[in-house]
Amino acid sequence: MVVRRAFLCLVVLLAIATATAVAQESLGDLVAQGGYDWLIGKWVATTDEGDQLTYEQKWALDRHVILVDFKMRNFQSAGMIIFVPSREEVIQVGADNQGGTWKGTWRDEYGSAVHAMEHTRADGQVQKAEIVHTRVDAETMKAAMYGLSGDGYRVSEPWHTLTYKRQKAGSAGSASAGQDSGGASQGSLGDMLSQYGYEWILGQWQGTDDQGRTAQVTYGLTLDKHAGLVSVQMGPFAYRGLVMFVPAREEVIQIGADNMGGYWKGTWSEDYEGLVNRHERMQVDGSTEKMEHVYVKIDGGTIKIKQYAVEAGGSRASTPRAELTVSRAAGGATPK
């Protein structure tokens, strides 16, 4: 997908499936079993140079997802921690307001929570590191960042160590609160939306499917318009997602999770019918389903969403298996 054709539509993920949630191990279960509930909350640290860092983790989707925000000076990042049951893996994905994208994993290490991360800058340069989070007491934790050697092992001495103090809720700003903290820079997702006339997708939308279920979908921009936040609610089904542009690959991607243990990943493009989100949902047992959602603007207040199956050879089915028309909700907030 050529970068200037990779239009961002800050997603509507329709939950067409009607499966009910079954008993399963969620991210919340893992955190509780490992004794890491203390990580949840808002934390503030001060560097030796006097810069203040704000770091927050908070639950979403019935404790199936942790939303992560970080802020230091003019730098902000937002991400999601997701448990992928079939891989027995806890992953984290994210983006920042400088055009960077982040991915990594979490693991337990002798009572400390280790976040192994990989940061890809807008220019394609990659940096890997590990942060070891250690509880000091109920109000204090230490976070030591380590570089990795050429063979991928953690070096013996940390680059730096920070001491975080727990803050009361609402005492500091959140990196993903609101739509953005400034104008979009050249090449950002927000810039692409504006340039190609797709800002109409932003906001809150609502519709009713042929089974009488109400779907509520919200999309907004965050991180100086470098990333998109998505939330979906349809009956008992709920979804949260993050949309990111990866300049080095000239690709718009989306990662998300739902409250039934599903893990979602996909890409965005455009074709003759409209904006296309091809995505794959991995269920708790590891089975997957691929589909495409096509978004067609009817007018300034109405969108039609068509869901197509993706066939075994990778082609989209010739006719949609479901359609939904949604209208703009008055006074709808952007997702947070």
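Just so it is clear, the structure is predicted and the values come from calculations on it, not from any experiment.

Colleague: Could you clarify how one ought to interpret the overall build of the chain in this entry?
Modeller: Regarding its fold elements, the chain presents 2 helices and 20 strands. Counting over 336 residues, the chain shows a buried share of 53%.

Colleague: Could you clarify how one ought to interpret the packing of aromatic side chains in this entry?
Modeller: Each aromatic ring pair is characterised by the separation of its centres together with the angle its planes make. Using the criterion set out here, one finds 6 aromatic pairs in the structure. With a centroid separation of 5.9 Å and 50° between ring planes, the pair formed by Tyr198 and Trp200 is classed as tilted. Exposure class is identical for Tyr198 and Trp200. Each is buried. One cation-aromatic arrangement involves Arg154 over Tyr146; the distance from NZ or CZ to the ring centre is 5.0 Å.

Colleague: How should the pattern of salt bridges be read in this particular structure?
Modeller: Oppositely charged side chains can form a pair if their charged atoms are brought close together. One pass over the full model with this rule turns up 22 salt bridges. Between Lys42 and Glu56 there is a salt bridge, with its nearest N and O atoms 3.9 Å apart. Of the two residues, Lys42 is situated in strand β1 (residues 41–46) and Glu56 in strand β2 (residues 52–60); the sequence distance between them amounts to 14 residues. Accessibility assignment for this pair places Lys42 and Glu56 in one class, buried. With its nearest N and O atoms 2.9 Å apart, the salt bridge here joins Glu251 to Arg249. Residue Glu251 is classed as partly exposed on the basis of its relative accessible area, which comes to 22%. Judged by its relative accessible area of 52%, Arg249 is exposed.

Colleague: Just to check I follow, could you spell out the sheet that holds β1 for this structure?
Modeller: Two pairing modes exist for strands in a sheet, parallel and antiparallel, and in both the strands are linked by backbone hydrogen bonds. Taken in spatial order, the 10 strands line up as β1-β2-β3-β4-β5-β6-β7-β8-β9-β10 and close into a barrel, and their pairing is antiparallel. Between one strand and the next, the sheet's axes are offset by a mean angle of 25°, whatever the strand orientation. Relative to strand β7 (residues 112–120), strand β6 (residues 101–109) is paired through 9 bridges, and the arrangement is antiparallel. Within β7, the residue paired with Asp108 across the bridge is Ala113.

Colleague: How should the nonpolar core be read in this particular structure?
Modeller: Within soluble globular proteins, side chains that are nonpolar tend to cluster in buried spots. Counting residues in each nonpolar core, the largest one holds 30 residues, and the members touching the most others are Ile201 and Ile303. Residue assignment for this core shows that the elements contributing at least two residues are α2 (189–195), β12 (214–222), β13 (227–234), β14 (237–246), β16 (263–271), β18 (288–299), β19 (302–309) and β20 (322–328). Here Ile303 is in contact with Trp200, Ile201, Trp205, Tyr219, Tyr295, Val296, Ile298, Leu324, Thr325 and Val326, once residues within four sequence places are set aside.

Colleague: I'm lost on the sheet that holds β14 in this one. Help?
Modeller: Spatially, 10 strands are ordered β11-β12-β13-β14-β15-β16-β17-β18-β19-β20 in a closed barrel, and the strand pairing comes out antiparallel. Within the sheet, the average angular offset between the axes of one strand and its neighbour, ignoring direction, is 25°. The pairing of β18 with β19 spans 8 bridges and is antiparallel. By the bridge assignment, Glu292 is partnered in β19 with Tyr308.

Colleague: Would you mind going over the environment of Met80 with me for this structure?
Modeller: Position of Met80 relative to the elements: it lies in strand β4 (residues 75–84). Along the primary structure Met80 and Val68 are separated by 12 residues, whereas in three dimensions their C-alpha atoms are 5.8 Å apart. Contact partners of Met80, with chain neighbours within four places excluded, come to Val65, Ile66, Leu67, Ile91, Gln92, Val93, Arg240, Gly241, Leu242, Ile255, Gly256 and Ala257.

Colleague: Even after reading the chapter, I still don't get helix α1 (residues 27–34), so can you show me in this structure?
Modeller: For the α-helix, the turn length of 3.6 residues means that residues three or four positions removed from each other point alike. The set of residues buried in α1 consists of Leu27, Gly28 and Val31. Considered in projection along α1, the buried side chains sweep an arc of 100° and stay on one side of the axis. Contacts made by the buried residues of α1 are with β2, β3 (65–72), β4 and β5 (89–96). At the C-terminal side of α1, Gly35 shows a positive phi close to 75°.

Colleague: Help me understand unusual backbone geometry, please; the structure alone is not making it clear to me.
Modeller: Note: most peptide bonds trans; most residues except glycine with negative phi. Backbone geometry at Glu88 places phi at a positive 50°, although glycine is not the residue there. Mapped onto the secondary structure, Glu88 falls in the loop between β4 and β5.

Colleague: Sorry if this is basic, but what is going on with the confidence of the model for the chain here?
Modeller: One rule of thumb: low pLDDT means the predicted coordinates there are not for detailed reading. When pLDDT is averaged along the chain, the result is 86, and 86% of the positions lie at 70 or above. Per-residue pLDDT, averaged within each element of the chain, yields its smallest value for α2 (86) and its largest for β5 (98). For the stretch residues 1–23, pLDDT sits under 50, and the model shows 82 contacts to residues farther than four places along the chain or on other chains. Ignoring residues within four places in sequence, the model shows residues 172–185, a span with pLDDT below 50, making 38 contacts including any to other chains.

Colleague: Can you walk me through the pairing of strand β17 (residues 274–282) in this structure?
Modeller: The side chains of a regular strand alternate between both faces of the sheet. Across the 9 residues that make up β17, a large majority, 8, are buried. Relative to β17, β16 runs antiparallel, the two being bridged by 9 bridges. Counted as the bridge partner of Asp271 is Gly274 from β17. If you look at the hairpin formed by β16 and β17, you'll find 2 residues sitting between the two strands.

Analysis parameters
Sequence order as written defines the numbering, with residues in each chain counted from 1. Predicted model: local features are reported for residues with pLDDT of at least 70 only, side-chain atom pairs are reported and counted for 80 or more only, and whole-chain, interface and lining totals are derived from all residues. By convention in this description, side-chain values take in all heavy atoms of the structure and omit both hydrogens and water. Helix numbers and strand numbers start at the N terminus; a helix is a DSSP run of H or I with at least 4 residues, a strand a run of E with at least 2. The classification of residues rests on relative accessible area computed with a 1.4 Å probe and restricted to protein chains. Under 20% of the type maximum is buried, over 50% is exposed, and intermediate values are partly exposed. Ring pairs shown here join Phe, Tyr and Trp side chains whose ring centres sit within 6.5 Å, with only the six-membered ring taken for Trp; geometry is labelled stacked below 30 degrees between planes, edge-to-face above 60, and tilted in between. Charges are assigned to positions over rings by a cutoff of 6 Å between ring centre and Lys NZ or Arg CZ, combined with an angular limit of 35 degrees from the ring normal. Basic side-chain nitrogens of Lys or Arg form a salt bridge, by our definition, when they fall within 4 Å of a carboxyl oxygen of Asp or Glu. If DSSP finds at least two bridges between two strands, the strands pair. Only C-alpha atoms enter the line fits that serve as axes; for helices the fit covers just the stretch in contact. Angles between N-to-C directions range over 0 to 180 degrees. Nonpolar cores were defined as sets of buried Ala, Val, Leu, Ile, Met, Phe, Trp, Tyr and Cys residues, with membership established by side-chain atoms within 4.5 Å. Residue contacts are counted whenever heavy atoms from the two residues lie within 4.5 Å of one another. To be clear, the arc concerns the directions from the helix axis to the C-beta atoms. You can read pLDDT as the predictor saying how much it trusts each residue, on a scale of 0 to 100.

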